[in-house]
Amino acid sequence: MEVTSEFETIDLASSHQDSISNQSPQVNCPPPNDCTRKEASKFIKWLKASVPVPPCCSLLFQLGSYSSATRLYQVWPGKNVFFFRGHMICGPDPRGLILTVVAIALSDYVFCAYTNGTAHCGSIRAAISLALTAIAMANLILASTKDPGIVARNEASSLEELGISVGTRSRMVSIGGTMVKIKCCRICKIYRPPRSCHCAVCDNCVEKFDHHCPWINQCIGLRNYRYYLVSVSSALVLFVYIFAFAWWEIRKKWLNARMGLLQLLGDAPETFLLALFSFMVICFLGGIIIFHSYLIASNQTARENFKQRYAHAANPYDKGVLRNIKEALFARLPPSKLNFRAVVEADWCSIARLLDGTSASRALGEETNY
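Residues numbered from 1 in each chain as written. Predicted model: local features only at pLDDT ≥ 70, side-chain atom pairs only at ≥ 80, totals over all residues. Heavy atoms only, no water.

Asker: How would you explain the overall build of the protein if you had to name every residue and give the values?
Answerer: Along the protein, the regular secondary structure elements total 14 helices and 11 strands. A buried classification covers 40% of the 370 residues belonging to the protein. When contacts within the protein are restricted to residue pairs at least 6 apart in sequence, long-range pairs at least 24 apart make up 67% of them. Carbon and sulfur atoms provide 63% of the accessible area of the protein, an area that totals close to 21000 Å². (Helix = DSSP H or I, 4+ residues; strand = E, 2+ residues; numbered from the N terminus. Buried < 20%, exposed > 50% of the residue type's maximum accessible area, 1.4 Å probe, protein only. Contact = heavy atoms within 4.5 Å. Areas by Shrake-Rupley, 256 points an atom, 1.4 Å probe, with all protein chains shown as cover.)

Here's what the structure looks like:
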């Protein structure tokens, strides 16, 4: 992961080549346009030798072999992780997504194993819960692997060439007759579109940024917002279904055996814990649905609401409840601003300079420690 992070942040470091060159010896290589394929092969050999990749993962991460065509996802400076040759894009930390998948799968397993009831009814319950689980998983994958609306970076010009200085980090634009401030992103070197924000986790500017969801390991923005809502809604339906039958089983045992709470907990601990966990998830997901229903009706994002952006000013994006709902849930999604599978020209010399500077910095740190 460390090598991937260094490899992906090369374009960001290109604006600081002067400072890097002062700290470490430069690599004698020709300009980027004169870099040969031989230099690219050397870099691939270095990468394979430094980071051993299992054979089963070499095809997935495209590190096992070198192709003459370098794709945008292979040199993208953000922190995203790409799968299936750039067709799927995820955030940098998969732990939340893994926890979500395990929670859904484990809840369905406990439900099918311990709340069957009679044989006939139990098979029907299990089939319905499996179908709801499959739907929830599919929507979760769609929300977590779709481009949220990443804005293209400007690597061709410097901040000075764009006329961006310390005193000109924002501009005022008119939207619906209301003046709205747009800010400059010094990392992406652009003036961000209205309602956009730079995500510190994924290191990208995202159009109509809502929030970064750690539970699905992805930013929530213009192009995956509705998938996020469908994912939350389908998970809510699943856990309502599980809670209803788990509570029904607990109530049936309590009425038939006349047990106390402790006796009931000892007789069916799995069902009791499943009902308790499902109730907690229902409260959490239900709160999210209610909150986002309000945001959709008022045409706000979670970030705008948190910042109280329209507490003392009119919302220029509010078109009425019905139009806001139509825009958020039924309007055609715009195409992605970036084709991550597009062929780009890799700047191998910049890569070599960065690696050389990183190695020198580490060596300097080791000398200092000793």
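Next comes the rest of the write-up.
Asker: Please set out the packing of helix α7 (residues 95-114) against helix α11 (residues 269-298) residue by residue, giving values where relevant.
Answerer: Running from amino to carboxyl end, α7 crosses α11 at an angle of 140 degrees, the nearest separation of the two axes being 10 Å. In this view, α7 runs oblique relative to α11, as classed from their interaxial angle. For the element pair α7 and α11, the recorded crossing hand is left-handed. Along its contact with α7, which presents A103, S107, V110, F111 and Y114, the element α11 presents E270, T271, L274 and F277. Considered class by class, the residues forming the contact of α7 with α11 number six nonpolar, two polar and one charged. (Axes fitted to C-alpha atoms, helices over the stretch in contact; angles between N-to-C directions. Parallel < 35°, antiparallel > 145°, perpendicular 65-115°, else oblique. Left-handed = near helix turned anticlockwise from the far one by under 90°. Nonpolar A, V, L, I, M, F, W, Y, C, P; charged D, E, K, R; others polar.)

Asker: Go over the packing of aromatic side chains with me, naming the residues and quoting the values.
Answerer: Throughout the structure, instances matching the rule amount to eight aromatic pairs. Ring geometry for F82 and F340: centres 5.0 Å apart, planes at 50 degrees, overall tilted. Remark: F340 occurs in the loop between α13 (321-329) and β11 (343-344) and F82 occurs in strand β2 (residues 81-83); sequence separation between them is 258 residues. For F82, a relative accessible area of 8% gives the class buried. Joined through ring pairs, the aromatic side chains of Y73, W76, F82 and F340 make up one cluster. Over the ring of W76 we find R153, and its NZ or CZ is 5.5 Å from the ring centre. (Phe/Tyr/Trp six-rings, centres within 6.5 Å; stacked < 30°, edge-to-face > 60°. Lys NZ or Arg CZ within 6 Å of the ring centre and 35° of its normal.)

Asker: I'd love a proper account of the nonpolar core, names of residues and values included.
Answerer: F111, I216, I220, Y228 and L285 are the most contacted members of the largest nonpolar core, which totals 30 residues. Mapped onto this core, the elements with two or more residues apiece are α7, α8 (119-145), α9 (225-257) and α11. Per-element accounting of this core gives the leading share, 10 residues, to α9. Among the nonpolar cores identified, the runner-up in size contains eight residues, and W76, I89, L338 and F340 belong to it. (Core = buried A, V, L, I, M, F, W, Y, C linked by side-chain atoms within 4.5 Å.)

Asker: Explain the packing of α9 against α11 to me, using residue names and the numbers behind them.
Answerer: Interaxial distance between α9 and α11 falls to 8 Å at its minimum, and their mutual angle equals 145 degrees. At the point where α9 passes α11, the crossing takes the left-handed sense. Its residues assigned to classes, the contact of α9 with α11 comprises 23 nonpolar, five polar and one charged.

Asker: Before we move on, can you summarise α9 with the specific residues and values?
Answerer: If you check α9, its first and last C-alpha atoms are 48 Å apart, about what 33 residues at 1.5 Å a residue would give, namely 48 Å. Immediately downstream of α9, the backbone of R258 shows phi near 55 degrees, a positive value. (Expected span 1.5 Å × (residues − 1).)

Asker: Break down the side chain of Q300 for me, citing the residues and quoting the values.
Answerer: Looking at the element boundaries, Q300 is found in the loop between α11 and α12 (302-306). Of note is the side chain of Q300, whose polar atom sits 3.1 Å from the side chain of S298. Setting aside its immediate chain neighbours within four residues, Q300 contacts R195, Y294, L295, N305, Y310 and N315. (Polar contact = N/O pair within 3.5 Å; in protein donor to acceptor, adjacent residues only side chain to side chain.)

Asker: Before we move on, could you go through the pairing of strand β5 (residues 178-185) and cite the residues and values that matter?
Answerer: Relative to β5, strand β4 (residues 170-175) is paired through six bridges, and the arrangement is antiparallel. Bridging from a neighbouring strand, M172 pairs with K181 of β5. Between β5 and strand β6 (residues 190-191), which pair antiparallel and follow one another directly, the connecting turn spans four residues, one of which, K189, has a positive phi of 60 degrees. (Pairing = 2+ DSSP bridges.)

Asker: Let's hear about the sheet that holds β4: which residues, and what values?
Answerer: The three strands lie next to each other as β4-β5-β6, forming an open sheet whose pairing is antiparallel. Every other strand in the sheet has two partners, leaving β4 and β6 as the edge strands with one partner each. Where β5 lies against β6, two bridges are found, and the strand directions are antiparallel. If you follow C185 over to β6, its bridge partner there is I190.

Asker: Provide a residue-level description of the pattern of salt bridges, including the pertinent values.
Answerer: Inspection of the entire model under this criterion finds nine salt bridges. In this structure, R153 engages D203 in a salt bridge whose closest nitrogen and oxygen atoms are separated by 3.8 Å. Of this pair, R153 sits in the loop between α8 and β4 while D203 sits in the loop between β7 (197-199) and β8 (204-206); the two residues are 50 residues apart in sequence, bridging distant segments of the chain. With its nearest N and O atoms 3.0 Å apart, the salt bridge here joins K319 to E327. (Salt bridge = Lys/Arg side-chain N within 4 Å of Asp/Glu carboxyl O.)

Asker: Before we move on, can you summarise a positive patch on the surface with the specific residues and values?
Answerer: A cluster of basic residues, R169, K181, K183, R186, K307 and R309, forms a positive patch on the protein surface. In this fold, R169 is placed in the loop between α8 and β4. (Patch = residues over 30% accessible without salt bridge, like charges linked within 9 Å, V, L, I, M, F, W, Y side chains within 5 Å. Lys, Arg positive; Asp, Glu negative; His and termini not counted. Charge placed at Lys NZ, Arg CZ, Asp CG, Glu CD.)

Asker: Give a detailed account of a nonpolar patch on the surface, specifying residues and quantitative values.
Answerer: A contiguous nonpolar surface patch, about 410 Å² in accessible area, is contributed by I98, V102, L106 and Y109. Note on placement: Y109 falls in helix α7.

Asker: Kindly report on unusual backbone geometry, identifying the contributing residues and their values.
Answerer: Within the chain, F84 stands out as a residue other than glycine whose phi angle is a positive 55 degrees. Within the fold, F84 resides in the loop between β2 and β3 (88-90). Taking the relative accessible area as the measure of exposure, F84 reaches 51% and is therefore exposed.

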